[in-house]
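Residue-level structural notes
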Amino acid sequence: MTANLGSVRPQRAWTVALPVVIAVIVVTGFLTTPASASDDQCMVCHGNQSLVRSSDDTSVFVDPAALRTWSHSGISCITCHPDGEPIPHG
């Protein structure tokens, strides 16, 4: 007589796979969301060609197309500009 193991294996696989899938989703969400959100928030204002610093009328415009080609395009704006928070600033 053969034991019926077919119904046991899928249940056990889900008990292992489900926590792993949830962990991957949570970790990747925490690693990617903040940088992207901060950059998007920065570009709402700094993507405007007419934006100038109020104290001396210096342009603070950042060309979004040029930003993507710069060598530091893979890092968040606030990595080099921590004074950029809170928003709005200036």
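Just so we're clear, the structure is a prediction, and the values are computed from it rather than from any experiment.

The rules behind these values
Residues numbered from 1 in each chain as written. Predicted model: local features only at pLDDT ≥ 70, side-chain atom pairs only at ≥ 80, totals over all residues. Heavy atoms only, no water. Helix = DSSP H or I, 4+ residues; strand = E, 2+ residues; numbered from the N terminus. Contact = heavy atoms within 4.5 Å. Areas by Shrake-Rupley, 256 points an atom, 1.4 Å probe, with all protein chains shown as cover. pLDDT = per-residue confidence, 0-100. Patch = residues over 30% accessible without salt bridge, like charges linked within 9 Å, V, L, I, M, F, W, Y side chains within 5 Å. Salt bridge = Lys/Arg side-chain N within 4 Å of Asp/Glu carboxyl O. Buried < 20%, exposed > 50% of the residue type's maximum accessible area, 1.4 Å probe, protein only.

1. A short note on the overall build of the chain
Assigned secondary structure in the chain consists of three helices and zero strands. Of the regular secondary structure in the chain, the N- to C-terminal order runs α-α-α. Restricting to contacts in the chain with at least 6 residues of sequence separation, those with at least 24 account for 35%. In the structure as shown, the chain presents an accessible area of about 7400 Å², 64% of it carried by carbon and sulfur atoms.

2. Here we look at the confidence of the model for the chain
Per-residue pLDDT for the chain averages 75, and the proportion of residues at 70 or more is 71%. Averaged over each element, pLDDT in the chain is lowest for helix α1 (residues 8–46) (69) and highest for helix α3 (residues 77–80) (83). The model gives residues 32–36 a pLDDT under 50, and that stretch makes two contacts with residues more than four places away or in other chains.

3. Structural notes on unusual backbone geometry
Among all residues except glycine, the phi angle is most often negative; among peptide bonds, the trans geometry is most common. In this structure, Asp57 is a non-glycine residue whose phi angle is positive, near 60 degrees. The residue Asp57 is located in the loop between α1 and α2 (64–69) in this model.

4. Thoughts on a nonpolar patch on the surface
Side chains of Val16, Val20 and Val24 sit close together on the surface and give an oily, nonpolar patch of about 260 Å² of accessible area. Tracing the sequence through the fold places Val24 in helix α1. Judged by relative accessible area, Val24 falls into the partly exposed class, the value being 46%.

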